[in-house]
Protein chains: 4
Amino acid sequence: MSKAIGVKEWVIAEGYIPSESRGPQPQMTSHETVCILNGSDQDAHIEITIYFSDKEPVGPYHVTVPARRTRHVRFNDLNDPKPIPRDTDYSSIIRSDVPIVAQHTRLDSRQEANALLSTVAYPNAA
Amino acid sequence: MSKAIGVKEWVIAEGYIPSESRGPQPQMTSHETVCILNGSDQDAHIEITIYFSDKEPVGPYHVTVPARRTRHVRFNDLNDPKPIPRDTDYSSIIRSDVPIVAQHTRLDSRQEANALLSTVAYPNAA
Amino acid sequence: MSKAIGVKEWVIAEGYIPSESRGPQPQMTSHETVCILNGSDQDAHIEITIYFSDKEPVGPYHVTVPARRTRHVRFNDLNDPKPIPRDTDYSSIIRSDVPIVAQHTRLDSRQEANALLSTVAYPNAA
Amino acid sequence: MSKAIGVKEWVIAEGYIPSESRGPQPQMTSHETVCILNGSDQDAHIEITIYFSDKEPVGPYHVTVPARRTRHVRFNDLNDPKPIPRDTDYSSIIRSDVPIVAQHTRLDSRQEANALLSTVAYPNAA
């Protein structure tokens, strides 16, 4: 498994954390997640930058994904340097020092039954 | 951040704005969105062209996304040169003068609980 | 617009048409769709082949998408050479004589509120 | 059809099998699937490795997809070397000896109406 798995930069253009939820917490809390796989044999030191429609980007938020591990990072839980505002449009760029794979998922439980979306993030190889 | 983030042309083959909605407006209005991230240091001047099944394409619609900003553009809100008809199949091509990343999302609230879909748009590098 | 938009071969590995539906017909009929954009100035002659888990592939099904048009093809409506069975796992390959872009969408209305999924199909450039 | 269709390695960074379900079994059981198309004329011998957040990867799980067939593999059904725990974050890597195409789908029926997500997996060509 010496081959690189993934790339070092990923983009998620969609981003929105609903402030309302229905159902048991925390599994049914409306949330937005970036699922990261580090298939390499080195820890991945990751920086996430958040972009907004009306102000300068915020970050980086620091996340570590150990070698041969996955981490499903809820944007809801990113607090340093500051929480991501709810009900607000944003985008994110995820940069790592080793190749990773990133996938974007949202669970929206604002109405009576939850809705889901997911897509592999955009692998920026430019 | 001098590296290009994304490409200059994106395609969304799916397109359909339901005319019906349930729940509070405007967040639960059935809508279709292209989320655009401009991670560059120059404003992005964007042209969106809409394709139909039975008539010539309409557009371009003009959208600007400032440097280091995101904009989540609701197709529902595009009115110039003309509104996009509801309950109608369409596709779109998004062209920019600087590299961007585009992601497609729909919220469908026609029934009792909303449904969501999302996918990174097709980056046309041909 | 002389540049090619898309590629000539696309793959959708997921495929499943639920036999049950709730809500008004045909918009709320459970269905599976491939949305095709032909952004070129020539008509696209398209062949769709359906793959199953337990028998030889069926097809090709023939679809034409005129120049500068989109067509959202419901797999439910493909009948020649034969209808696609409901409640059955399948995959599809879409081949065109001019470059196109293809996106996969399902509306599932088996339960009280509809569910949606969508993804850009896999562009086979191999 | 001598051209390769797809690639030999795919990554799904998102993974989570809900332990609860509503509605008739097995079609409405909450499940997670990788849909695999083998469009080649040789059988595909596939190995799936599962990555976790807090322990070493498990696998490989062995799956065969015959020539010119699709197989929609439910992660719920993978039992050898051991079942995948429910309500647990995971990721997966899918490796094949012939080119394939892989797409990820989840049906979540924990609440009153099912939710769906799908995305083409990440084709690792590195």
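See the structure above.
Residues numbered from 1 in each chain as written. Chains lettered and ligands numbered in written order. Predicted model: local features only at pLDDT ≥ 70, side-chain atom pairs only at ≥ 80, totals over all residues. Heavy atoms only, no water.

Some words on the packing of aromatic side chains
Here is step 1: As enumerated under the stated definition, the model contains eight aromatic pairs over all chains in all.
Here is step 2: With a centroid separation of 5.2 Å and an interplanar angle of 65°, the aromatic rings of Trp10(A) and Tyr122(D) are classed as edge-to-face. Pair noted here: Trp10(A) is in strand β1 (residues 7-12) and Tyr122(D) is in strand β8 (residues 122-123), and the two residues belong to different chains.
Here is step 3: By relative accessible area, which is 0% here, Trp10(A) ends up buried.
Here is step 4: Residue Tyr122(D) is classed as buried on the basis of its relative accessible area, which comes to 9%.
Here is step 5: The ring of Phe52(A) has Lys55(A) lying over it, and the distance from NZ or CZ to the ring centre is 4.4 Å. (Phe/Tyr/Trp six-rings, centres within 6.5 Å; stacked < 30°, edge-to-face > 60°. Helix = DSSP H or I, 4+ residues; strand = E, 2+ residues; numbered from the N terminus. Buried < 20%, exposed > 50% of the residue type's maximum accessible area, 1.4 Å probe, protein only. Lys NZ or Arg CZ within 6 Å of the ring centre and 35° of its normal.)

Concerning the interface of chain A and chain D
Here is step 1: Contacts between the two partners involve 34 residues from chain A, matched on the other side by 35 residues from chain D.
Here is step 2: Of the roughly 2700 Å² buried between chain A and chain D on both sides combined, carbon and sulfur atoms contribute 55%.
Here is step 3: Looking at the side of chain A facing chain D, the largest losses of area belong to Arg69(A), His72(A) and Leu116(A), adding up to 20% of the total buried there.
Here is step 4: On inspection of chain A and its partner chain D, the count reaches two salt bridges.
Here is step 5: With its nearest N and O atoms 3.1 Å apart, the salt bridge here joins Arg69(A) to Glu56(D).
Here is step 6: Breaking the side of chain A that touches chain D down by element, the ones donating at least two residues are β1, β2 (31-38), β5 (69-74), β6 (90-108) and β7 (115-120) of chain A.
Here is step 7: Counting residues per element, the side of chain A that touches chain D draws most heavily on β7(A), which supplies six residues.
Here is step 8: When the residues that make up the side of chain A that touches chain D are grouped by side-chain class, the tally is 18 nonpolar, eleven polar and five charged. (Contact = heavy atoms within 4.5 Å. Buried area = accessible area lost by both parts, 1.4 Å probe. Salt bridge = Lys/Arg side-chain N within 4 Å of Asp/Glu carboxyl O. Nonpolar A, V, L, I, M, F, W, Y, C, P; charged D, E, K, R; others polar.)

Topic: the relation of the copies chain A and chain D
Here is step 1: Superposition record for chain A on chain D: RMSD 0.0 Å, screw rotation 90°, translation along axis 0.0 Å. The symmetry that links the two subunits is that of a four-fold axis. (Least-squares fit on C-alpha atoms with pLDDT ≥ 70 in both.)

What to know about the environment of Ser109(C)
Residues and elements named next belong to chain C.
Here is step 1: Looking at the element boundaries, Ser109 is found in the loop between β6 (90-108) and β7 (115-120).
Here is step 2: Expressed as a C-alpha distance, the spacing of Ser109 and Arg22, which sit 87 residues apart in the sequence, is 5.4 Å.
Here is step 3: For Ser109, the contacting residues outside a window of four places in its chain are Glu20, Ser21, Arg22, Met28, Thr29, Ser30 and Asn114.

Section: the arrangement of the chains
Here is step 1: Chain A makes no contact with chain C; the smallest distance between any of their C-alpha atoms is 7 Å.
Here is step 2: Taking C-alpha atoms only, the smallest gap left between chain B and chain D, which are not in contact, amounts to 7 Å.

Notes on the interface of chain C and chain B
Bring the parts together and some accessible area is lost; that lost area is often taken as the interface size.
Here is step 1: Taken together, the contacts link 34 residues of chain C with 35 residues of chain B.
Here is step 2: Here chain C packs against chain B, burying approximately 2700 Å² in sum over the two surfaces, 55% of which is carbon and sulfur.
Here is step 3: The tally of links from chain C across to chain B stands at two salt bridges.
Here is step 4: Two residues, Glu56(B) and Arg68(C), come together in a salt bridge whose shortest N-O distance is 2.9 Å.
Here is step 5: Looking at the side of chain C that touches chain B, the elements that each hand over two or more residues are β1 (7-12), β2 (31-38), β5 (69-74), β6 and β7 of chain C.
Here is step 6: Of all the elements, β7(C) adds the most residues to the side of chain C that touches chain B, at six residues.
Here is step 7: Split into classes, the residues belonging to the side of chain C that touches chain B amount to 18 nonpolar, eleven polar and five charged.

Details of unusual backbone geometry
Here is step 1: With omega at 5°, the peptide bond leading from Gly59(A) into Pro60(A) counts as cis.
Here is step 2: Note the cis peptide between Asp80(B) and Pro81(B), where omega equals 20°.
Here is step 3: By secondary structure assignment, the location of Pro81(B) is in the loop between β5 (69-74) and β6 (90-108).
Here is step 4: Located in the positive-phi region is Asp87(A), a residue other than glycine, with phi close to 55°.
Here is step 5: Along the chain, the position of Asp87(A) falls in the loop between β5 and β6.

Observations concerning the environment of Val73(B)
Residue and element names in this part refer to chain B.
Here is step 1: With respect to the secondary-structure elements, Val73 resides in strand β5.
Here is step 2: The class of Val73 is buried, set by a relative accessible area of 7%.
Here is step 3: As for Val73 and Gly39, which are separated by 34 residues in sequence, their C-alpha atoms are 16 Å apart.
Here is step 4: Contacts of Val73, omitting those with residues within four sequence positions, involve Glu32, Thr33, Val34, Ile36, Val63 and Leu78.

A closer look at the pattern of salt bridges
Residue and element names in this part refer to chain C.
Here is step 1: Scanning the model with the defined rule gives 28 salt bridges over all chains in all.
Here is step 2: Here Glu14 makes a salt bridge to Arg106, at a shortest N to O gap of 3.3 Å. Of this pair, Glu14 sits in the loop between β1 and β2 while Arg106 sits in strand β6, placing them 92 residues apart in sequence. Both residues of the pair, Glu14 and Arg106, belong to the buried class.

Overview of the environment of Arg69(A)
Here is step 1: By the secondary structure assignment, Arg69(A) is in strand β5.
Here is step 2: By relative accessible area, Arg69(A) is classed as buried at 14%.
Here is step 3: Contacts of Arg69(A), omitting those with residues within four sequence positions, involve Ile36(A), Leu37(A), Asn38(A), Tyr51(D), Phe52(D), Ser53(D), Asp54(D), Lys55(D), Glu56(D) and Pro57(D).

Details of the side chain of Thr119(C)
Here is step 1: When you line up the elements, Thr119(C) lands in strand β7.
Here is step 2: Relative accessible area serves as the criterion here: at 3%, Thr119(C) is assigned to the buried category.
Here is step 3: A polar contact of 3.2 Å, which involves the side chain of Thr119(C), links it to the backbone nitrogen of Val120(D). (Polar contact = N/O pair within 3.5 Å; in protein donor to acceptor, adjacent residues only side chain to side chain.)

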